[in-house]
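Chain by chain, the residues run as shown.
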Amino acid sequence: MSEIKAITCPWRKKCGGCTTIGQPYQLTLDTKLKKLNETVRPAAKVDEIVGMEDPYHYRNKVHWCFAMQNNAYNERVHVAGIYAAGTHKVISVSNCLIENEEADAILKDIVQIARKYKMPYFDEDTGLGLLRHVVIRTGHKTGQIMVVLVLSDREMPGKKNFVDLLRKKHPNIETVVINVNDQKTNMVLGERETNAYGRGFIEDELCGKRFRISSRSFYQVNSEMTEKLYGTAIEWANLTGHEKVVDAYCGIGTIGICTADKAKSVIGCELNPDACKDADVNVKRNGLKNVRIVNEDAGRFLSEMADEHEKADVIFLDPPRSGSTEEFLDAAAAVSPGRIIYISCGPESLARDLKYLKKKGYTPRKAKAFDMFPFTDHVETVVLMSRIEGK
Ligand code: SAH
């Protein structure tokens, strides 16, 4: 770890995404662990933070905005890059230290090709212009690349030439998706999509299993750390092959599918229908007969299980940053698992939910943090809980 070089980023101040870039990596880890404990105590104590061997260029998902903005001379100009933290101002950053390098190269080529074809960037003020965002995802193990062009309109003049040119430069682009976002919104992706090239998804591998990922499904952005995190979560579940497991907020089914060989049965639950479709395919793709995916709100699903007096032996939950709900946590206690494994990217909501679960009779036994997002303020935590004796 001591050999990791501290690198400064010239855009650090303007961008604001990486709050600790330029500092020695070990120092950033120590600070993160300290801050995390300040937030989650007294609900839990996190003993350790696991860092990366190489904490640069880890992001497998890269997003650039394409916009019309005023320059220093008050002229309206095309700008491509990332949002400065907490704003809607786009700044053109080249050679980002945390983004996947090939994705960055593709983005630069997209800027060139868009210029060649005189493709207008979207203007938030007037609602005119075509190109709004580009999202690129790269399979860590497979190297497969997905390019999502977010446009304000379904029609893209010169689409075929655009895609051909891009693929010629980057032959491992597996698919190019056109996503239409014609709304006045902060959301990046719209509802409608067509495939300009390929099948609309890429594949990647985690913990020896194969996963299909489509454009609107969640996939952890740091694959190296995801494998470490899942490894700990699954180890702590202590499965013997006889357990009924719930994987709540399952996304494309990753945690459930990675545990399936060690469990009797797994039910994954997820709200996003696209992620559920991926998860269903992923269950089959990995030849698993003991995993079922349910497309439902996790709280409602678990409450239904509780109402039917169904039990579970292990519950994994991996909710969004806002955390889980009282409905879910009430039901989690009612289905009476031996272990609950909470994976969280939001320390505040984690502290709140752990406190609530304590009232329901479950207490943290172990907690470990993972540096899923080096140099930023974000951190991922896994907590093992079990029932308090006599409750
Ligand atoms: N466990 C997965 C996904 C974690 S991200 C992984 O590691 O990849 C959180 C997931 O919760 C997202 O896929 C999101 O779509 C889903 N989600 C958000 N709110 C939900 C709800 N109320 N019920 C079920 N799933 C929900």
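Rules of the game
Residues numbered from 1 in each chain as written. Predicted model: local features only at pLDDT ≥ 70, side-chain atom pairs only at ≥ 80, totals over all residues. Heavy atoms only, no water. Near = heavy atom within 4 Å. Polar contact = N/O pair within 3.5 Å; in protein donor to acceptor, adjacent residues only side chain to side chain. Areas by Shrake-Rupley, 256 points an atom, 1.4 Å probe, with all protein chains shown as cover. Nonpolar A, V, L, I, M, F, W, Y, C, P; charged D, E, K, R; others polar. Salt bridge = Lys/Arg side-chain N within 4 Å of Asp/Glu carboxyl O. Helix = DSSP H or I, 4+ residues; strand = E, 2+ residues; numbered from the N terminus. Buried < 20%, exposed > 50% of the residue type's maximum accessible area, 1.4 Å probe, protein only. Pairing = 2+ DSSP bridges. Axes fitted to C-alpha atoms, helices over the stretch in contact; angles between N-to-C directions. Contact = heavy atoms within 4.5 Å. Phe/Tyr/Trp six-rings, centres within 6.5 Å; stacked < 30°, edge-to-face > 60°. Lys NZ or Arg CZ within 6 Å of the ring centre and 35° of its normal. Parallel < 35°, antiparallel > 145°, perpendicular 65-115°, else oblique. Left-handed = near helix turned anticlockwise from the far one by under 90°. Patch = residues over 30% accessible without salt bridge, like charges linked within 9 Å, V, L, I, M, F, W, Y side chains within 5 Å. Lys, Arg positive; Asp, Glu negative; His and termini not counted. Charge placed at Lys NZ, Arg CZ, Asp CG, Glu CD.

**Q** Explain the site of the ligand to me, using residue names and the numbers behind them.
**A** What surrounds the ligand is a group of 16 residues, the closest being Gln220, Tyr230, Glu270, Asp297 and Ala298. Between Leu271 and the ligand, the recorded distance is 3.2 Å, taken from a backbone N or O atom to a nitrogen atom. Burial of the ligand by the protein amounts to 86% of the accessible area it has alone, namely 570 Å². Class assignment for the residues of the shell around the ligand results in eight nonpolar, four polar and four charged.

**Q** Explain the pattern of salt bridges to me, using residue names and the numbers behind them.
**A** On inspection of all chains with the given rule, the structure shows 20 salt bridges. Here Lys32 ties to Asp371 by a salt bridge, and the two come within 2.6 Å at their closest N and O atoms. Of the two residues, Lys32 sits in helix 2 (residues 25–40) while Asp371 sits in the loop between strand 16 (362–370) and strand 17 (380–387), which places them 339 residues apart along the sequence. The class of Lys32 is buried, set by a relative accessible area of 10%. By relative accessible area, Asp371 is classed as buried at 1%. Residues Glu203 and Arg285 are paired through a salt bridge, measuring 3.0 Å at the closest nitrogen-oxygen approach. Of this pair, Glu203 sits in strand 9 (residues 201–206) while Arg285 sits in helix 7 (residues 273–285), and the two are 82 residues apart along the sequence. Residue Arg285 is classed as partly exposed on the basis of its relative accessible area of 42%. What you see here is one network of salt bridges that share partners, running through Glu203, Glu205, Arg210 and Arg285.

**Q** Go over the sheet that holds strand 15 (residues 339–344) with me, naming the residues and quoting the values.
**A** Strand order in the open sheet made by the eight strands is 1-16-17-15-14-11-12-13, with mixed pairing throughout. The sheet is open, and its two edges are formed by strand 1 (48–50) and strand 13 (291–295), each paired on a single side. Within the sheet, the average angular offset between the axes of one strand and its neighbour, ignoring direction, is 20°. As paired elements, strand 15 and strand 17 share six bridges and run antiparallel to each other. Each residue of the ladder has a partner; that of Tyr342, found in strand 17, is Val383. Helix-sheet contacts for helix 5 (residues 223–237) involve strand 1, strand 14 (314–317), strand 15, strand 16 and strand 17, and the interaxial angle to strand 16 is about 155°. Relative to strand 13, helix 7 is tilted by about 170°, and along the sheet it contacts strand 12 (265–270) and strand 13.

**Q** Give a detailed account of the sheet that holds strand 7 (residues 173–180), specifying residues and quantitative values.
**A** Ordered by their spatial adjacency, seven strands build an open sheet running 4-3-2-5-6-7-8, and the pairing between neighbours is mixed. For this open sheet the edge positions go to strand 4 (90–91) and strand 8 (192–197), each flanked by a neighbour on one side alone. Sitting on the sheet, helix 3 (residues 101–116) is in contact with strand 2 (61–70), strand 3 (76–83), strand 5 (131–138), strand 6 (145–151) and strand 7, with an inclination near 35° to strand 2.

**Q** Residue-level account of the packing of aromatic side chains, with values.
**A** As enumerated under the stated definition, the model contains four aromatic pairs in all. Residues Tyr25 and Phe375 carry aromatic rings whose centres are separated by 5.7 Å and whose planes lie at 55° to one another, so their mutual orientation is tilted. Here the residue Tyr25 occupies a position in helix 2, and Phe375 occupies one in the loop between strand 16 and strand 17, the gap between them amounting to 350 residues. Taking relative accessible area as the criterion, Tyr25 reaches 2% and is therefore assigned buried. Here the aromatic rings of Tyr56 and Phe375 are separated by 5.2 Å at their centres, their planes lie at 20°, and the arrangement is stacked. With Tyr56 in the loop between strand 1 and strand 2 and Phe375 in the loop between strand 16 and strand 17, this residue pair connects regions lying 319 residues apart in the sequence. Considered together, Tyr56 and Phe375 belong to a single accessibility category, that of buried residues. Within the aromatic cluster, the residues linked to one another by ring pairs are Tyr25, Tyr56 and Phe375. One cation-aromatic arrangement involves Arg132 over Phe122; the distance from NZ or CZ to the ring centre is 4.0 Å. Lying across the ring of Phe201, Arg212 places its NZ or CZ 4.7 Å from the centre.

**Q** Hey, could you go over the packing of helix 8 (residues 298–307) against helix 9 (residues 326–334) for me, with residue numbers and the actual values?
**A** Taken N-terminus to C-terminus, the directions of helix 8 and helix 9 make an angle of 30°; their axes are 8 Å apart at the nearest point. Compared by their axis directions, helix 8 and helix 9 come out roughly parallel. The crossing of helix 8 and helix 9 is left-handed. Where helix 8 approaches helix 9, its residues Ala298, Gly299, Arg300, Leu302, Ser303 and Ala306 are matched on the opposing element by Glu327, Phe328, Ala331, Ala332 and Ala334. Taken together, the residues of the contact of helix 8 with helix 9 break down into seven nonpolar, two polar and two charged.

**Q** Kindly report on a negative patch on the surface, identifying the contributing residues and their values.
**A** A cluster of acidic residues, Glu304, Asp307, Glu308 and Glu327, forms a negative patch on the protein surface. Inspection of the secondary structure assignment puts Glu304 in helix 8. Residue Glu304 is classed as partly exposed on the basis of its relative accessible area of 35%.

**Q** Talk me through the side chain of Ser214; I want residue IDs and the actual numbers.
**A** Tracing the sequence through the fold places Ser214 in strand 10 (residues 209–214). On the accessibility criterion, Ser214 (11% relative accessible area) is buried. If near-sequence neighbours (up to four positions away) are discounted, Ser214 is found in contact with Arg137, Met146, Gly200, Phe201, Asp274 and Asp278.

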